[in-house]
Amino acid sequence: MDDLKNKYLAEIAEAADESALEAIRLAAVGKKGEVSLKMRELGKMTPEERQTAGPKLNALKDEINSALAARKAALGDAALEERLRTEWLDVSLPSRPGRQGTLHPIAQVTEEVTAIFAEMGFAVAEGPRIDTDWYNFDALNIPAHHPARAEMDTFYMHRAEGDNRPPHVLRTHTSPVQIRTMEAKGAPLRIICPGGVYRADYDQTHTPMFHQIEGLAIDTDISMANLKWVLEEFFSAFFEIDGIKTRFRASHFPFTEPSAEVDIQCSWVDGQLRIGEGDDWMEVLGSGMVHPKVLKAGGVDPEKYQGFAFGMGIDRIAMLKYGIPDLRAFFDSDLRWLRHYGFSALDVPTLRAGLSR
Ligand code: PHE
């Protein structure tokens, strides 16, 4: 037994990596390891022999196991030390010309969308990504127990016991910024609000964090016709195709009445999507006339004012415009992907100079 012990402890001390350790573990205390086979022989011994051999074998097994664990931890520490020693970065160095960073397609598309709406007189508004359930739901005419709350797959912030602040959520859409901006600025109003939103969902076309752009126009004489014109102007400029057709389908949102989902004209040729031609339709946004209760929640008089609102997926329209097939790749931070789909940081999109040079 001493021979076994000396042999394995020496091997463990010399093991160079985790796979070597694993091989030693199997040879010693694995199912068919030397120590395990010895343990099986206990059955053939006399009771007296067993009484001394049993505990000794168990002790040997324990000793080998703890030597394995200790060596594994030491190897891990050494590997971390080595990484810390080699993987460092001097952030004060000037950038290398051949290694410029790129703008992420979402940043680029946000800039493009902002440039188009700015030209039409819309200002940019912002709101917090962590908001109260009042702003995210109640103020938007989605009371507790309304099915829309469940449908949104909301992430709720943890609340400690005795915490009596209002419940907070990761905003499920940019619509709460409608309320915050009405409260802060009153009417008339013409804004867009781009930003990150969150829902518990994950597949090829859904990620738990994604981006929307909200639009809101409030005045004394706003109608669905204004909404349609604004959106058609927007899509023509964004996709750089004159006279792109839209289709409004009746829909339902608690915060708009009437509500419409908007599709843009497209075609599929040999599995390739083309925007702005053909007779297929692609859904791109939700919209409608702001519900009087929502105006009231934002402190705007619904007797005097009305408005339109829309909410559009930024990631979605970025995929359509730049032919990006999988939404999840947006958030993988794969450098090769970022270099391929990224944009030059110095080409600021403007309507005059072109959006997506
Ligand atoms: N907030 C809606 C959504 O996330 C979109 C929307 C915004 C619809 C504004 C109508 C008006 O699905």
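Rules used in this analysis
- Residues numbered from 1 in each chain as written.
- Predicted model: local features only at pLDDT ≥ 70, side-chain atom pairs only at ≥ 80, totals over all residues.
- Heavy atoms only, no water.
- Near = heavy atom within 4 Å.
- Polar contact = N/O pair within 3.5 Å; in protein donor to acceptor, adjacent residues only side chain to side chain.
- Areas by Shrake-Rupley, 256 points an atom, 1.4 Å probe, with all protein chains shown as cover.
- Helix = DSSP H or I, 4+ residues; strand = E, 2+ residues; numbered from the N terminus.
- Contact = heavy atoms within 4.5 Å.
- Salt bridge = Lys/Arg side-chain N within 4 Å of Asp/Glu carboxyl O.
- Pairing = 2+ DSSP bridges.
- Axes fitted to C-alpha atoms, helices over the stretch in contact; angles between N-to-C directions.
- Parallel < 35°, antiparallel > 145°, perpendicular 65-115°, else oblique.
- Left-handed = near helix turned anticlockwise from the far one by under 90°.
- Nonpolar A, V, L, I, M, F, W, Y, C, P; charged D, E, K, R; others polar.
- Domains from an automatic or database assignment.
- Buried < 20%, exposed > 50% of the residue type's maximum accessible area, 1.4 Å probe, protein only.
- Expected span 1.5 Å × (residues − 1).
- Phe/Tyr/Trp six-rings, centres within 6.5 Å; stacked < 30°, edge-to-face > 60°.
- Lys NZ or Arg CZ within 6 Å of the ring centre and 35° of its normal.

Chemist: Please provide a residue-by-residue account of the site of the ligand, values included.
Modeler: If you check the shell around the ligand, you find 14 residues, and the closest are H173, S175, R199, Q212 and G311. Measuring from a nitrogen atom of the ligand, one finds a side-chain N or O atom of H173 at 3.0 Å. Between the ligand and R199, the relevant distance is 3.0 Å, taken from an oxygen atom to a side-chain nitrogen or oxygen of the residue. When the ligand is considered free in solution it has 320 Å² of accessible area, and contact with the protein chains removes 90% of it. For the shell around the ligand, the secondary-structure elements that each account for two or more residues are β5 (209-219), β9 (280-290) and β10 (306-313).

Chemist: Before we move on, could you go through the side chain of H291 and cite the residues and values that matter?
Modeler: Within the secondary structure, H291 is located in the loop between β9 and α10 (292-297). When neighbours within four sequence positions are excluded, H291 is seen to be in contact with N141, P254, F255, T256 and E257.

Chemist: So, the pattern of salt bridges: which residues are in play, and what are the values?
Modeler: Within the structure shown, the criterion is met by 19 salt bridges. Among the charged side chains, a salt-bridge network with shared partners connects R247, R249, E261, D263 and E283.

Chemist: Explain the pairing of strand β8 (residues 272-275) to me, using residue names and the numbers behind them.
Modeler: Pairing geometry for strand β7 (residues 256-269) and β8, over four bridges, is antiparallel. Its bridge partner lying in β8, S267 is registered against R274. Between β7 and β8, which follow one another and run antiparallel, lie two residues, and D270 among them has a positive phi close to 50°.

Chemist: Please give an account of the packing of helix α1 (residues 2-14) against helix α2 (residues 18-29) that cites residues and values.
Modeler: Packing of α1 against α2 leaves a shortest axis separation of 9 Å and a crossing angle of 165°. In terms of orientation, α1 and α2 fall into the roughly antiparallel class. As for how α1 packs across α2, the hand of that crossing is left-handed. Each of Y8, E11 and I12 in α1 lies in contact with α2, whose residues at this interface are L21, I24, A27 and A28. Grouping the amino acids of the contact of α1 with α2 by side-chain chemistry returns six nonpolar, no polar and one charged.

Chemist: Give me the lowdown on the domain arrangement of the protein, citing residues and values where you can.
Modeler: According to the domain assignment, the protein contains domain 1 (2-83) and domain 2 (103-344). Using C-alpha coordinates to define each centre, domain 1 is positioned 61 Å away from domain 2.

Chemist: Break down the pairing of β10 for me, citing the residues and quoting the values.
Modeler: On a regular strand, each side chain points to the face opposite its neighbour's, so the side chains alternate between the two faces of the sheet. For β10, the buried fraction is high: six of the eight residues fall into the buried class. As paired elements, β5 and β10 share eight bridges and run antiparallel to each other. Across the sheet, G215 pairs through a bridge with F310, a residue of β10. Where β9 lies against β10, five bridges are found, and the strand directions are antiparallel. Looking across to β10, one finds that L285 is bridged to M312.

Chemist: Can you break down helix α5 (residues 105-119) residue by residue, with the values?
Modeler: For α5, spanning 15 residues, the distance from its first C-alpha to its last is 21 Å, which sits close to the expected 21 Å at 1.5 Å a residue. Looking only at α5, the buried set comprises P105, I106, Q108, V109, T110, E112, V113, A115, I116 and F117. Looking at the packing, one finds that the buried side of α5 touches β4 (189-198), β5, α9 (224-239), β10, α11 (314-322) and α12 (335-341). Looking at the residues trailing α5, positive phi occurs at G121, about 90°.

Chemist: Break down the environment of Q108 for me, citing the residues and quoting the values.
Modeler: With respect to the element layout, Q108 can be found in helix α5. Residue classification places Q108 among the buried residues on the basis of a relative accessible area of 2%. Separated by 187 residues in sequence, Q108 and L295 have C-alpha atoms that sit 32 Å apart.

Chemist: Describe unusual backbone geometry, listing the residues and the values that go with them.
Modeler: Looking along the chain, the bond that leaves A187 and enters P188 is cis, with omega of -5°. For P188, the location among the structural elements is in the loop between α8 (176-185) and β4. The omega torsion across E257 and P258 is -5°, close enough to zero to call that bond cis. With a phi angle near 55°, E240 is a residue other than glycine that sits in the positive phi range. The exposure class assigned to E240 is partly exposed, which follows from its relative accessible area of 46%. The backbone of S333 shows a phi angle near 55°, a positive value even though the residue is not glycine.

Chemist: Give me the lowdown on the packing of aromatic side chains, citing residues and values where you can.
Modeler: Here the structure, examined in full by the defined rule, presents 14 aromatic pairs. Ring centres of F253 and F255 lie 5.7 Å apart, and the angle between their planes is 25°; this geometry places the pair in the stacked category. Residues F308 and F310 carry aromatic rings whose centres are separated by 6.5 Å and whose planes lie at 25° to one another, so their mutual orientation is stacked. Put simply, the rings of F117, F122, F234, F235, F238, F239, F308 and F310 touch in pairs and so form one group of aromatic residues. We note R180 situated over the ring of Y135; from NZ or CZ to the ring centre the distance is 3.9 Å.

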